[in-house]
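What follows is the residue order along each chain.
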Amino acid sequence: MRIFHVLLMTLALVTASTAGAQGAFATRDTHISATLVAETPAPAPGRASSIAFSMTPDAGWHGYWENPGDAGVGMTVKWTLPKGVTIGALRYPVPETLLISGLMNHVYEGPYALLAPISVAADVRPGTLLPIRGRAEWLACTDKVCVPESADLALNLRAGDGTVSPAMAARFDQWRARMPRPLGNDARYAISDGRFRLSVPFPTEAMARDVHLFPLTEGAVGYAAPQTVTREGDRLLLETDAGEDFKGGTIKAVLRTGDHVGFLLTAQPGDVAAAQSGTLRTTLIALAGAVLGGLLLNIMPCVFPILALKALKLARAGGDEGAVRREALAYGAGVVLTCLILGGALLGLRAAGAAVGWAFQLQDPRVILLLLLLVTAIALNLAGLFQLGGFGGGERLAGRGGVVGAFWTGALVAFVATPCTGPFMGAAMGAALVLPVPAALALFAGLGIGLATPFLLLAWAPSLRRRLPQPGGWMETFQKILSVPMFITALGLAWLLGQQRGVAAITTGLGVALALGLLLWWLGVRQQRGRRGGLVVALGAALLLGAGIVLLPGRMPATATAAVDGTAIPFDEARLASLRAQGKPVFLYFTADWCLTCKVNEAAAIDRAETRDAFAKGGVTVMAGDWTNADPAITRFLEARGRSGVPLYLWYAPGKDALVLPQLLTPATLTALVR
């Protein structure tokens, strides 16, 4: 059937272009440009390296996967090679789906690369010229027309030492990241009443979203038929229409589990239990974890002072229950809406192809600078330097019961607090990236509900408020005490700027914060004299923020996290695979300087003498992934394990799969690993 469609497209092309397209293979510009690229210009005799066809479609055009689906043709290459050189089969990246007029196409609509291994015989002398010639043919299509295209491509290599430049290594690493990885375990499939059911072993903690099966075995399934995917424990269950003429036997396929991420699998006939609905159960468990994580965030040093102050203000509200509850609802709305906005932004960025995770906002130093100014202002307000009413509109807000002010207080609390992922929140946020968008947004809302719950309880339970201390002069002293953790938070944010951009960024942050402090001191003096100046301060703060952003230095070179007495090596997935292949135990952890839980675990459990001694005695390699700044390699690794943020602690015993450790560590937890 597919060949019939291709013949129709080719016939239409020939009929439409008889007058002007003769000789198109040799003379016309192609709609998908092809470039032959070598990983190294000096491949080493006796060793293998890679070459790549770098393909760039014009806007609106696409190329095809090796099994193109209902229509299309993949690439073919005829090589002319010197003696001693061999080139293996082409490797295709994970494709995309494109449904046109009921025909399913397996395509690439953006730039992509096909890789092939190239080997030079061991007896080839160094310095020997190696001319590589290839004639490549492929089909380029839009949703209306297809054009057969070709190119004569050449590489002039020279046998050498196999050196790969850093730029070329990075380029090939990006291409390899889009290649399907071997699944490792065989899948099983069954066909009954025209339905194809596939059971794929897949770890519970591994991320899987936008799942789609691309069969390499032609005709195994109906390409255009809908595919239903259910997750049950350590397996994925996929159901679709079986191919009409499929005779059975071994099936090879690629299973897409994310954006340009997939696994190469082999499926054998066998028994496959029918899928049971597990999405609701997964959602409810993850929702409980998100709510609990939100509750725990209330004890963070950047949240508790604000929550305590708001609670005391409720106590002062007296018997006006309506005003109390309106303010509490506004506070909760600010928290939940901000969590939804952050979660929606995360899902949107990931859908657009960006490798980001939860707390992505704290990987941007401009956001850190903004938070530094906000926290500094809050700390100085709590310390009594000025009154918030001086910003203009404060008195009007108080006259309206503080509803607008409560809303923005909740928004600020959520924005600052959510990156401090609590012990039960990592798995829940990871699940949000697996579930459908409505269920994922429900988890982000659950996080906000947990964060807002203590304040809502106080508002709706007068008996709880009556247990709070009665208002009095002591509140002014207590308010100033609450400024201390806020000042510490400000120092932490300044330190984080330094971790992201170096000493110059700390200087910029502290300088801007000092200038803001002087502005607020000037405002406080005017307030004592019964004058205003909030508008001037607001404009000045905006100018300071803009100046600080301009003065922030560019990206500082990434440095390895040096926990465990400097013995941790930086995360590298290839090196991890090499260590595991050598049978060495590995403790791998992912951290970030803005992650409070991470830093507590490092101080309390990882960077301890007993842990270092136990790991040294057991020959354990410690590997650390620093996610303080955005790192796509770390983000992809976290995604593959069903996590959207840090911390994550993994233990690789020799010859075994990763063991996920608790998010709260003790020295005993770690030392027990090597006993």
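Residues numbered from 1 in each chain as written. Predicted model: local features only at pLDDT ≥ 70, side-chain atom pairs only at ≥ 80, totals over all residues. Heavy atoms only, no water.

A.B. asks: Hey, could you run me through the packing of aromatic side chains in this one?
C.D. replies: Any pair of aromatic rings gets described here by the distance separating the centres and the angle formed by the planes. Across all of its chains, the model carries 15 aromatic pairs by this definition. Ring geometry for Phe-571 versus Phe-637: centroids 5.0 Å apart, planes at 65 degrees, classification edge-to-face. Of the two residues, Phe-571 sits in the loop between β19 (569-570) and α16 (573-581) while Phe-637 sits in helix α19 (residues 632-640), which places them 66 residues apart along the sequence. Side by side, Phe-571 and Phe-637 carry an identical accessibility label, which is buried. Following the ring pairs from residue to residue traces out a cluster consisting of Phe-587, Tyr-589, Phe-615, Tyr-649 and Trp-651. (Phe/Tyr/Trp six-rings, centres within 6.5 Å; stacked < 30°, edge-to-face > 60°. Helix = DSSP H or I, 4+ residues; strand = E, 2+ residues; numbered from the N terminus. Buried < 20%, exposed > 50% of the residue type's maximum accessible area, 1.4 Å probe, protein only.)

A.B. asks: Hey, could you run me through the nonpolar core in this one?
C.D. replies: The nonpolar side chains of a soluble globular protein tend to be buried, and buried together. Within the largest apolar cluster, 39 residues are counted, with the highest numbers of intra-cluster contacts made by Leu-588, Phe-590, Met-623, Phe-637 and Val-646. Put simply, the parts of the chain that give this core at least two residues each are α7 (365-382), α13 (474-501), α14 (503-528), α16, β20 (586-591), α19 and β22 (648-652). The element contributing the most residues to this core is α7, with nine residues. (Core = buried A, V, L, I, M, F, W, Y, C linked by side-chain atoms within 4.5 Å.)

A.B. asks: Would you explain the state of the cysteines in this entry?
C.D. replies: Linking two cysteines covalently via their sulfur atoms produces the bond known as a disulfide. Within the structure shown, the criterion is met by one disulfide. Each sulfur of the disulfide joining Cys-141 and Cys-146 lies 1.9 Å from the other. The chirality of the disulfide connecting Cys-141 with Cys-146 is right-handed, given an S-S dihedral of about 115 degrees. On the basis of relative accessibility, which here comes to 6%, the residue Cys-146 falls in the buried class. (Disulfide = S-S within 2.5 Å.)

A.B. asks: Is there a simple way to explain the sheet that holds strand β1 (residues 32-38) in this structure?
C.D. replies: Strand pairs in the sheet, formed through backbone hydrogen bonds, run parallel or antiparallel to each other. One open sheet holds the four strands; their spatial order is β1-β2-β8-β5, and the pairing between them is antiparallel. Every other strand in the sheet has two partners, leaving β1 and β5 (85-87) as the edge strands with one partner each. Here the average twist between neighbouring strands, direction ignored, is 25 degrees. Pairing of strand β2 (residues 48-57) with strand β8 (residues 112-120), which is carried by eight bridges, proceeds in the antiparallel orientation. Across the sheet, Ala-52 pairs through a bridge with Leu-115, a residue of β8. Contacting β1, β2 and β8, helix α3 (residues 166-177) runs over the sheet at an angle of about 70 degrees to β2. (Pairing = 2+ DSSP bridges. Axes fitted to C-alpha atoms, helices over the stretch in contact; angles between N-to-C directions. Contact = heavy atoms within 4.5 Å.)

A.B. asks: How should I be thinking about the pairing of strand β6 (residues 96-100) in this particular structure?
C.D. replies: Regular strands place their side chains on alternate faces of the sheet. Examined bridge by bridge, β6 and strand β7 (residues 103-108) share five bridges and lie antiparallel to one another. From the neighbouring strand, Leu-98 faces β7, where its bridge partner is Asn-105. Between β6 and β7, which pair antiparallel in sequence order, lie two residues; one of them, Ser-101, sits at a positive phi of approximately 50 degrees.

A.B. asks: Got a minute to help me understand helix α18 (residues 609-617) in this structure?
C.D. replies: One turn of the α-helix equals 3.6 residues, which is why residues spaced by three or four share an orientation. For α18, the full list of buried residues reads Thr-611, Ala-614 and Phe-615. All buried residues of α18 project into a common sector of 95 degrees when viewed along the axis, lining one side. Set apart from the buried face of α18 by more than 90 degrees, the exposed residues are Asp-613, Ala-616 and Lys-617. (Arc of directions from axis to C-beta.)

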